[in-house]
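Structural overview for review
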Amino acid sequence: MKKLYSALMTAFNEDGTVNEKGVRAMVRYNIDVNHIDGLYVGGSTGEAFMLNQDEKKAIFKAVIDEADGAIDLIAQVGGLNLIESKELAKYVTDLGYKTISAVTPFYYNFSFEQIKHYYNEIVKDVDTQLIIYSIPALTGVSLSIDQFAELFENPKVIGIKYTNADFYLLERCRQAFPDKLILSGFDEMMLPALALNVDGAIGSTFNLNAKKAKEEIAAFEAGDLTKALQLQKESNDYITDLLQNDLYPTIKLIFKELGVDAGYCKAPMSKPNPEMIAGAKAICEKYFK
Ligand code: HMN
């Protein structure tokens, strides 16, 4: 069966410090209520690019401790400081993470040779397997099929987290790399990605909507495309409402409504205002009560 992963959020206190209790509470919710297959820790949804090294380490440690072997964990260790990414790769490997991931390095228009060096360096001193985190809309970095193939020459590079609406490239990747792990990243496009035979999906909105997303995967796998499409439509109504209300703070507000203290987002992400709070309550009422 194809796997469903939530992209784990980071709970922050109002002053922007990490609220470890809140992080643990979301791990528990994903295990106990969502029955999720795994968590993607330290990604975009985790606001990881706004965290310092000690905060990242504390989160990786708390998550693996809380999960206690119950689910798969993928640690996103990539960023713009390669020394720190390598250190994190070693740190999470020593903690017991089996899989790491790293975003394509962004901002400086790195050449492909530089990107390849970055990936090979991150895995060089660890025996953990790595999934390339490709998210061109946020990084501005698009990799071609030949470039993915070149990165896969390193046997420790085992897959792609494919957060991209380019379904032509996805289909080409699936055909070219039948043995690699491909996990799709846009929750609102999960069904077309399933149709192209991805191995699963990772997303922010599954933190709340895992049940329906899993039903959709089951319907797809049973060959019931009408039902799968209906479920994707229902999920997309919910995702559209979330996006219109400000995605990350709204997921945290809904968690709060459901009794999970997910804390705040970190500035420059928004703090909830009365309108956003009312919107989150309405979404919670509409879809989760
Ligand atoms: C992560 O790195 O945290 C996520 O896996 C990224 C994931 O692909 C999400 N993308 C972003 O938040 C940019 C999606 O779940 C996304 O939030 C969702 O599809 C709504 O657009």
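Residues numbered from 1 in each chain as written. Predicted model: local features only at pLDDT ≥ 70, side-chain atom pairs only at ≥ 80, totals over all residues. Heavy atoms only, no water.

Moving on, we come to helix α2 (residues 53-67). When the terminal C-alpha atoms of α2 are compared, their 21 Å separation across 15 residues agrees well with the 21 Å that a helix rising 1.5 Å per residue should span. Among the 15 residues that make up α2, 11 are buried, leaving the element largely enclosed by the rest of the structure. Residues of α2 that are buried: Q53, E55, K56, K57, I59, F60, A62, V63, I64, E66 and A67. Against α1 (20-32), β2 (38-41), β3 (72-76) and α3 (82-95) lie the buried residues of α2. Put simply, N52 is the residue that caps the front of α2, since its side-chain oxygen is 3.1 Å from the backbone nitrogen of D54. Looking one or two residues past α2, D68 carries a phi angle of roughly 50°, positive in sign. (Helix = DSSP H or I, 4+ residues; strand = E, 2+ residues; numbered from the N terminus. Expected span 1.5 Å × (residues − 1). Buried < 20%, exposed > 50% of the residue type's maximum accessible area, 1.4 Å probe, protein only. Contact = heavy atoms within 4.5 Å. Polar contact = N/O pair within 3.5 Å; in protein donor to acceptor, adjacent residues only side chain to side chain.)

Here we come to the UniProt feature "binding site: aceneuramate" (unreviewed entry) in the chain. Taking the UniProt record as the reference, the feature "binding site: aceneuramate" (unreviewed entry) is found at S44, T45, T163, G185, D187, E188 and S204. Tracing the sequence through the fold places S44 in the loop between β2 and α2. When neighbours within four sequence positions are excluded, S44 is seen to be in contact with F49, Y133, I135, L138 and Y248. By secondary structure assignment, the location of S204 is in the loop between β8 (200-203) and α9 (206-221). Assessed through its relative accessible area of 9%, S204 is described here as buried. When neighbours within four sequence positions are excluded, S204 is seen to be in contact with A7, T45, D187, L247, Y248 and I251. (UniProt positions renumbered as here; feature names shortened; annotations may be inferred.)

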